[in-house]
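# Remarks on the overall topology
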Amino acid sequence: MSTDTLLVELGTEELPPKALKALGLAFRDGITQGLQEQQLGFGEVQWFASPRRLAVLIADVQLRGADQEVEALGPPADRARDAQGNWTPAAIGFAKKQGVEPDQLQELDTPKGLRLGMRSTAAGANTRDCLNSIISSSIDQLPIPKRMRWGDSRVEFVRPVHWVVAMLGTDSEHGEILGLKTGNTTRGHRFHSEGDIQLQHPDDYETALKAARVVASFEQRQHIIREQVEAQASALKGNAVIDQDLLDEVTGLVEWPVALAGSFEERFLEVPAEALVSSMKEHQKYFHLLDKQGKLMPNFITVANIESREPAQIIAGNERVIRPRLSDAAFFFETDKKTPLAERVPKLESVVFQQQLGTLRDKTDRVARLAGALASLIGSPVALAERAALLSKTDLLTDMVQEFTDMQGIAGSYYALHDGEEADVASALAQQYWPKYSGDRLPESATACALGVADRLDTLVGIFGIGQPPTGSKDPFALRRASLAVLRILVEKQLDLDLRECLALAADQYPAGVIAAGTTDKVFDYMIERFRAWYEEEAIPVEVFKAVSARGISRPLDIQRRVHAVHAFTRLPEATALAAANKRVSNILGKLEDSHVFSEVNTDLLVESQEKALAEQLAASGALSRRHLDKDEYTEALAGLAALRGPVDAFFDDVMVNADDAALRSNRLNLLKALRDLFLEVADISLLVVSK
């Protein structure tokens, strides 16, 4: 079957750099999906994205899809004619729908019996005929939150579009895309290239653009930038810190990358390094350097979009630009230090946290009391936790944080040390926001953990308490992230706190009438449900989590231990049978409701050998299991219960539970309840049986 190479390129004004990678990948996926929907085969796929273009190059695209056998089924054959042998309305209607006479239909043998039907051959798609719709559809599906118009056109796109290349081999006439006729004309670098570039064939694309000083491949351009930045850093005997998000953004800013190293005065190193890095990274898109000791160097690396004959001029220009930013940071730092954090606490009364929940001062007072209570529970100094909480939001009022918002907490830590606060208090101010995202580091000290948990629980209880829980699309207070952060701290820092008790403590800090009744239960359920996503990422089946959560346990660390124990149990060969047996026992006992009063098993009423064996094994396994449970060794406890499989199977095979003798029947029910209760010490493993 004939094939050819396909090239599609959208030439635009400079695209948003942070979104460029996502746009390039989405454009690629849209084109390939369109080909697949038309059942058109293709070979290697390459995607390109630079500030002025999105493009896709696909090898070996079929020029015509394979013909398809189509089968249309109508009414059952025995209902196609009436008693007189005439076609029924159902048969006539089906034939009309197919555009044929009823006599042209066939009786087709199907899994559901003979059906009136029709088999035909549908011609495969012609690539040239459907290419325009494939491209247009892929453009419509791009993840563009806000589209714009330009000139008098009604066309909308993320940025104005100036040219469209659509070449299937040498054929470039494929109608209009985004209001422009498709062609074979592209453009090179805005400054290093002049005039249009005529492409003779899609295979010429990368080579032609490279000659015009454009590295069209996003991935190749990023690789070049990384190599150049590392080389510049090595020449300065430093290590460049290459943040992936910044690297993606810089890759989206240039078409012909040229890395250049600049410097700034060493006096600025007296300013907190985080502020300098923030200024260089966020405002100027510079990569910063660290020396062998991991300390910030007075250098930066910028990536230019041109290859200048006088690179020193570009470097000097960047140095002039960064100097005022660093001077501002230095000024803010020196000015802020003149006012101790403790003196800023009263000023928090002028900042509203949330209209119904009061000011930041109100929140600070609540968090201080809660942090102290939590510190007491985990054996941490109460006074340090309360002091850290009292100062926790004061740096929000500093010039440094108001200019560099990502310095909140960090700035407070520096100022606290300058004020002579305890080192533990100072570090807690920086660590109160850890973890900031999934996989981020956790607070290191117990004081920081108490503060971080208290701050988040106060927000969770408060926002839920005024009836503003997160929805599927809105979570303005980041309550999902806060919930996961609390769970991570409690679990990974081995803090065996009762979450219900902690939430109750948080609610108690609010004035009467602010928090609605039942709030702590809602927050608890919401937070525990976050475990579901947690365990999904660990590839732990949801049934395992349900088996544990059914026990109503409120200590996250305990939940974590039980979940992993049950997950280990599910991999034992006895697990499936024991789970099924527990399900059976659960069903039996559930039907009794209040009609049976359970008591201890009476060994004198054990008649059958199988029930005697089960009772003996229950006693032995139960004693061993409880020794492990006393040490919270859930994995070992469940592993020991695996020995019950044989006696349980034999009991259900050979013993009649619903015996005629009431005493025997009651005793056997007691035996089953003892079996179920033993497993319930860890989890409800009957829920491991997946419903069909």
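Coordinates for the structure precede this section.
Here is a short report on the structure shown in this document. None of the values given here were measured: they were computed from a predicted structure. (Residues numbered from 1 in each chain as written. Predicted model: local features only at pLDDT ≥ 70, side-chain atom pairs only at ≥ 80, totals over all residues. Heavy atoms only, no water.)

Moving on: the overall build of the protein. Per the secondary structure count, the protein includes 25 helices and 17 strands. Against the globule reference of 26 Å for 692 residues, the protein gives a C-alpha radius of gyration of 35 Å, more extended than a compact globule. Overall size of the protein, expressed as C-alpha extent along the three principal axes, is 100 × 100 × 50 Å. Sequence-distant contacts, at least 24 apart, represent 69% of the contacts inside the protein between residues at least 6 apart. Of the roughly 33400 Å² of accessible surface on the protein, 48% is carried by carbon and sulfur atoms. Here the protein holds 77 positive side-chain charges and 100 negative ones, and the gap between their average locations is 2 Å. (Helix = DSSP H or I, 4+ residues; strand = E, 2+ residues; numbered from the N terminus. Rg over C-alpha atoms; globule rule 2.2 N^0.38 Å. Contact = heavy atoms within 4.5 Å. Areas by Shrake-Rupley, 256 points an atom, 1.4 Å probe, with all protein chains shown as cover. Lys, Arg positive; Asp, Glu negative; His and termini not counted. Charge placed at Lys NZ, Arg CZ, Asp CG, Glu CD.)

Further remarks concern the nonpolar core. Core analysis: the biggest nonpolar cluster contains 126 residues, and Met400, Leu457, Met527, Phe531, Leu644 and Phe679 have the highest contact counts within it. For this core, the leading source of residues is helix α15 (residues 446-465), giving eleven residues. Ignoring sequence-local partners within four residues, the contact set of methionine 400 consists of Val271, Ala275, Ala329, Phe332, Phe333, Asp336, Met407, Ala411 and Tyr415. (Core = buried A, V, L, I, M, F, W, Y, C linked by side-chain atoms within 4.5 Å. Buried < 20%, exposed > 50% of the residue type's maximum accessible area, 1.4 Å probe, protein only.)

Let us look at the packing of aromatic side chains. Enumeration over the complete set of coordinates arrives at 15 aromatic pairs. A centroid spacing of 5.6 Å and a plane angle of 80 degrees characterise the contact between phenylalanine 651 and phenylalanine 652, whose relative ring orientation is edge-to-face. A residue is classified by how much of its surface remains accessible, and phenylalanine 652, at 13% relative accessible area, is buried. The structure contains a cluster of three or more aromatic residues connected by ring pairs, namely Phe531, Trp534, Tyr535 and Phe545. The ring of phenylalanine 353 has lysine 363 sitting right over it, with the charged end atom 4.7 Å from the ring centre. (Phe/Tyr/Trp six-rings, centres within 6.5 Å; stacked < 30°, edge-to-face > 60°. Lys NZ or Arg CZ within 6 Å of the ring centre and 35° of its normal.)

Turning our attention to the pattern of salt bridges. The final tally for this structure, using the stated rule, is 33 salt bridges. Of the charged contacts, one joins arginine 190 and glutamate 13 as a salt bridge, the two residues approaching to 3.5 Å between their closest N and O atoms. With arginine 190 in the loop between β10 (185-187) and β11 (196-198) and glutamate 13 in the loop between β1 (3-12) and α1 (17-37), this pair connects stretches of sequence that are 177 residues apart. In this structure, arginine 361 engages glutamate 349 in a salt bridge whose closest nitrogen and oxygen atoms are separated by 3.7 Å. One end of the pair, arginine 361, is in helix α10 (residues 360-377); the other, glutamate 349, is in the loop between α9 (341-344) and β16 (352-354), and twelve residues separate them in sequence. Arginine 361 gets classed as partly exposed once you look at its relative accessible area, which sits at 21%. Look at the salt bridges and you will find they share partners, linking Lys363, Arg366, Lys393, Asp455 and Asp458 into a network. (Salt bridge = Lys/Arg side-chain N within 4 Å of Asp/Glu carboxyl O.)

This brings us to the sheet that holds strand β6 (residues 113-122). Ordered by their spatial adjacency, three strands build an open sheet running β4-β6-β5, and the pairing between neighbours is antiparallel. Of all the strands in the sheet, just β4 (68-76) and β5 (106-110) have a single pairing partner and so form its edges. The sheet shows a mean angle of 50 degrees between the axes of neighbouring strands, direction not considered. With five bridges connecting them, β5 and β6 associate as antiparallel partners. Bridging from a neighbouring strand, glutamine 106 pairs with glycine 117 of β6. Of the strands in this sheet, β4 and β6 are in contact with helix α2 (residues 89-98), which crosses β4 at around 160 degrees. (Pairing = 2+ DSSP bridges. Axes fitted to C-alpha atoms, helices over the stretch in contact; angles between N-to-C directions.)

The next thing to look at is helix α23 (residues 634-641). Within α23 the residues assigned to the buried category are Tyr634, Ala637, Leu638, Gly640 and Leu641. Considered in projection along α23, the buried side chains sweep an arc of 155 degrees and stay on one side of the axis. Residues of α23 that are buried in the fold lie against α20 (556-570), α21 (575-592), α22 (609-629), α24 (645-654) and α25 (662-680). (Arc of directions from axis to C-beta.)

The contact between helix α14 (residues 423-431) and α15 brings their axes to 8 Å, and the two run at 40 degrees. Accordingly, the angle class assigned to the pair α14 and α15 is oblique. For α14 against α15, the interelement crossing comes out right-handed. Of α15, the residues touching α14 (which contributes Asp424, Ala428 and Gln431) are Thr447, Ala448 and Leu451. Here the residues of the contact of α14 with α15 sort into three nonpolar, two polar and one charged. (Parallel < 35°, antiparallel > 145°, perpendicular 65-115°, else oblique. Left-handed = near helix turned anticlockwise from the far one by under 90°. Nonpolar A, V, L, I, M, F, W, Y, C, P; charged D, E, K, R; others polar.)

With that settled, consider helix α17 (residues 499-508). Turning to α17, its buried residues number three or more, namely Leu499, Cys502, Leu503, Ala506 and Ala507. Along the axis of α17, the buried residues cluster in a sector spanning 140 degrees; they form a single face.

What follows concerns the environment of valine 689. Summarising the element assignment, valine 689 is placed in the segment after α25. Classification of valine 689 by relative accessible area gives partly exposed; the value is 30%. Along the chain, valine 689 and lysine 583 lie 106 residues apart, while their C-alpha atoms are 7.2 Å from each other. Sequence-distant contacts of valine 689, defined by excluding residues within four places in its chain, comprise Ala579, Ala580 and Lys583.

Attention now moves to the pairing of β6. Bridge count between β4 and β6: seven bridges; the pairing is antiparallel. Paired with glutamate 71 across the bridge in β6 is arginine 119. In this antiparallel pair of consecutive strands, β5 and β6, the connection spans two residues.

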